[in-house]
Amino acid sequence: MFRQVESDVRGSLRARTVPRVVSDAPSLDDAVALATRAHAGQLDKVGEEYIGHPLRVMRAVVAAADEAGVDREHAQMAAVLHDVVEDSAVTVEDLVSLGYPPAVVAAVDALSHRPGEPVEDYLARVAADDLAVAVKRADMADNGDPVRLARLPADRADRYAQRYSSRMRLLDDLVAARKAAARGSDPPAASAS
């Protein structure tokens, strides 16, 4: 996805053309712009513009990317785009046609909960992709943030806190099982959500 671009160097009698490689792939800024357009008009559970959530996840995933051994920029792109397929008209095919890196597209696909899909199946798909795992952990941390949840009625806040806590445990168990299987050892039993 690279194209050769020639630049004219002017200012002397020996003006020459200097080739340089420019990426046609979307930048992180492009991903932010796409997510902003895709989530325009949407509100989060506390009544704020929805785009705030993917932007917070994008900022939080940087530290998790290093720990997970995944590319930081890919993690940030996947984080800001993590809900566009699930919550807007943007499709995985759109992301491919726009030139997003395959690792980012695969992570966004893994992070997109399908209608009627059991949580266990969804999180198993996430657990199979290290980039998706890093983003999902940051996503659940933001969704379960006690400061934000405190803005909701207590019963709703408690339900969300329990939901994200149990899902985080299930995701951790699924990741541990995948890694144990890769090492050839017995995986720990997965906990139910």
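Data block above holds the structure.
This write-up is about the structure you can find in this document. (Residues numbered from 1 in each chain as written. Predicted model: local features only at pLDDT ≥ 70, side-chain atom pairs only at ≥ 80, totals over all residues. Heavy atoms only, no water.)

Concerning the overall build of the protein
So, step 1. Across its full length, the protein holds 10 helices and two strands.
So, step 2. Evaluated residue by residue, the protein yields a buried proportion of 39% over its 193 residues.
So, step 3. In the protein, of all internal contacts separated by at least 6 residues, the share reaching a separation of at least 24 is 55%.
So, step 4. Just so you have it, the protein exposes about 10,700 Å², and 53% of that area is on carbon and sulfur atoms. (Helix = DSSP H or I, 4+ residues; strand = E, 2+ residues; numbered from the N terminus. Buried < 20%, exposed > 50% of the residue type's maximum accessible area, 1.4 Å probe, protein only. Contact = heavy atoms within 4.5 Å. Areas by Shrake-Rupley, 256 points an atom, 1.4 Å probe, with all protein chains shown as cover.)

What to know about the packing of helix H8 (residues 130-143) against helix H10 (residues 154-183)
The description of two helices packed together rests on the angle between their axes and the distance between the axes.
So, step 1. Relative to each other, H8 and H10 sit at 165 degrees, their axes nearing to 10 Å. In terms of axis orientation, H8 runs roughly antiparallel to H10. The hand of the H8/H10 crossing is left-handed. Contacts between H8 and H10 pair Asp 130, Val 133, Lys 136, Arg 137, Met 140, Ala 141 and Asn 143 from the former with Tyr 164, Arg 167, Met 168, Leu 171, Asp 172, Val 175 and Arg 178 from the latter.
So, step 2. Of the residues assigned to the contact of H8 with H10, the class counts are seven nonpolar, one polar and six charged. (Axes fitted to C-alpha atoms, helices over the stretch in contact; angles between N-to-C directions. Parallel < 35°, antiparallel > 145°, perpendicular 65-115°, else oblique. Left-handed = near helix turned anticlockwise from the far one by under 90°. Nonpolar A, V, L, I, M, F, W, Y, C, P; charged D, E, K, R; others polar.)

As for the packing of aromatic side chains
So, step 1. Overall, the coordinates contain one aromatic pair when judged by the stated rule.
So, step 2. Across the ring face of Tyr 160, the terminal group of Lys 45 is positioned such that the distance to the ring centre comes to 4.8 Å. (Phe/Tyr/Trp six-rings, centres within 6.5 Å; stacked < 30°, edge-to-face > 60°. Lys NZ or Arg CZ within 6 Å of the ring centre and 35° of its normal.)

Here we look at the pattern of salt bridges
So, step 1. In this structure the tally under the stated criterion is 11 salt bridges.
So, step 2. The shortest N-O distance in the salt bridge between Arg 56 and Asp 142 comes to 2.7 Å. You can see Arg 56 sitting in helix H2 (residues 52-68) and its partner Asp 142 sitting in helix H8, a full 86 residues away along the chain.
So, step 3. Its salt-bridge partner being Asp 139, residue Lys 136 comes within 2.9 Å of it at the nearest N-O pair. One end of the pair, Lys 136, and the other, Asp 139, are both in helix H8, three residues apart, so they sit about a helical turn from each other. Comparing Lys 136 with Asp 139, the two get one shared label, buried.
So, step 4. Put simply, Asp 44, Glu 48, Arg 148 and Arg 151 are held in one network by salt bridges that share partners. (Salt bridge = Lys/Arg side-chain N within 4 Å of Asp/Glu carboxyl O.)

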